[in-house]
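Okay, here's what each chain looks like letter by letter:
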Amino acid sequence: GDSVTQMEGPVTLSEEAFLTINCTYTATGYPSLFWYVQYPGEGLQLLLKATKADDKGSNKGFEATYRKETTSFHLEKGSVQVSDSAVYFCALMDNDMRFGAGTRLTVKP
Amino acid sequence: SQTIHQWPATLVQPVGSPLSLECTVEGTSNPNLYWYRQAAGRGLQLLFYSVGIGQISSEVPQNLSASRPQDRQFILSSKKLLLSDSGFYLCAWAGTPYGYTFGSGTRLTVV
């Protein structure tokens, strides 16, 4: 069945560092891909999405490109801030939604 | 606009007590609704989903049950809570083909 594998955390970075959180997927169809963010004590919020190959989703300085050839959707940000500290979930949606295990990011001043 | 409400935000319950968590959606009809659980420091586990009134699918057999008495209402219940039921419970709505919208979550601590 469809599945998502994302980079295990936790990830700790200094402010203004470059962020990459790897995400790969397995799917039989042509899924849409998502990144969700969960701030402490809150529900998940959609961060960005891409619905077809080569699409780039972007929001709040975060980007991810739908790579069909490598079945990947890595999350990147050029300069992280303390306020980006959260748990990030990669997900795919075909018939239903499948989530990765989540990666906890801590950004230190 | 469509919104999803979930309550209570936090709950502390003794072992063996009953549980009822409620989720409602506004601004849409016949939504697909989901209950997830997130144990401390772990990922999301799909517990139940519903595609309509009275239609419940269980992903994981356990001490919990779900009901959908109205189109936009989804309830998670237990007759007798266990310590292992502690966690962060999230309701979600499949609002569009492009992702889910999540409620703000309920943190349940069973003591």
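Residues numbered from 1 in each chain as written. Chains lettered and ligands numbered in written order. Predicted model: local features only at pLDDT ≥ 70, side-chain atom pairs only at ≥ 80, totals over all residues. Heavy atoms only, no water.

Trainee: Report on the sheet that holds strand S7 (residues 56–59) of chain A, specifying residues and quantitative values.
Mentor: All names here are of chain A. Pairing in this open sheet of four strands is antiparallel, and the strands run S3-S9-S8-S7 from one edge to the other. Taken across any chain shown, the strands that pair with only one partner, and hence form the sheet edges, are strand S3 (19–21) and S7. This sheet shows a mean twist of 15° between the axes of neighbouring strands, independent of strand direction. With four bridges joining them, S7 and strand S8 (residues 62–65) adopt antiparallel strand pairing. When the sheet's bridge partners are listed, Gly-57 is paired in S8 with Ala-64. (Pairing = 2+ DSSP bridges. Helix = DSSP H or I, 4+ residues; strand = E, 2+ residues; numbered from the N terminus. Axes fitted to C-alpha atoms, helices over the stretch in contact; angles between N-to-C directions.)

Trainee: Before we move on, could you go through the sheet that holds strand S1 (residues 3–7) of chain B and cite the residues and values that matter?
Mentor: Residues and elements named next belong to chain B. Taken in spatial order, the four strands of this open sheet run S1-S3-S8-S7, and their pairing is antiparallel. Each edge of the open sheet is held by one strand with a lone partner, namely S1 and strand S7 (65–70). When the angles between neighbouring strand axes are averaged without regard to direction, this sheet yields 20°. Sheet analysis places strand S3 (residues 19–26) next to strand S8 (residues 73–78), joined by six bridges and oriented antiparallel. Looking across to S8, one finds that Leu-21 is bridged to Leu-76.

Trainee: Quick rundown of unusual backbone geometry? Include the residues and the values.
Mentor: In this structure, the amide linkage connecting Gly-9 of chain A to the following residue, Pro-10 of chain A, adopts the cis form with an omega of -5°. Turning to its location among the elements, Pro-10 of chain A is positioned in the loop between strand S1 (3–6) and strand S2 (11–14). The omega angle of the peptide bond from Trp-7 of chain B to Pro-8 of chain B is 0°, so this bond is cis rather than trans. Positive phi, close to 75°, is recorded for Glu-16 of chain A, a residue that is not glycine.

Trainee: Please give an account of the pairing of S8 of chain B that cites residues and values.
Mentor: All names here are of chain B. A large share of S8 lies buried, amounting to six of its six residues. On S8, burial covers both faces: Gln-73, Ile-75 and Ser-77 on one face and Phe-74, Leu-76 and Ser-78 on the other are all buried. With four bridges joining them, S7 and S8 adopt antiparallel strand pairing. Paired with Ser-65 across the bridge in S8 is Ser-77. (Buried < 20%, exposed > 50% of the residue type's maximum accessible area, 1.4 Å probe, protein only.)

All quantities given are derived from atomic positions and should not be read as evidence of function.
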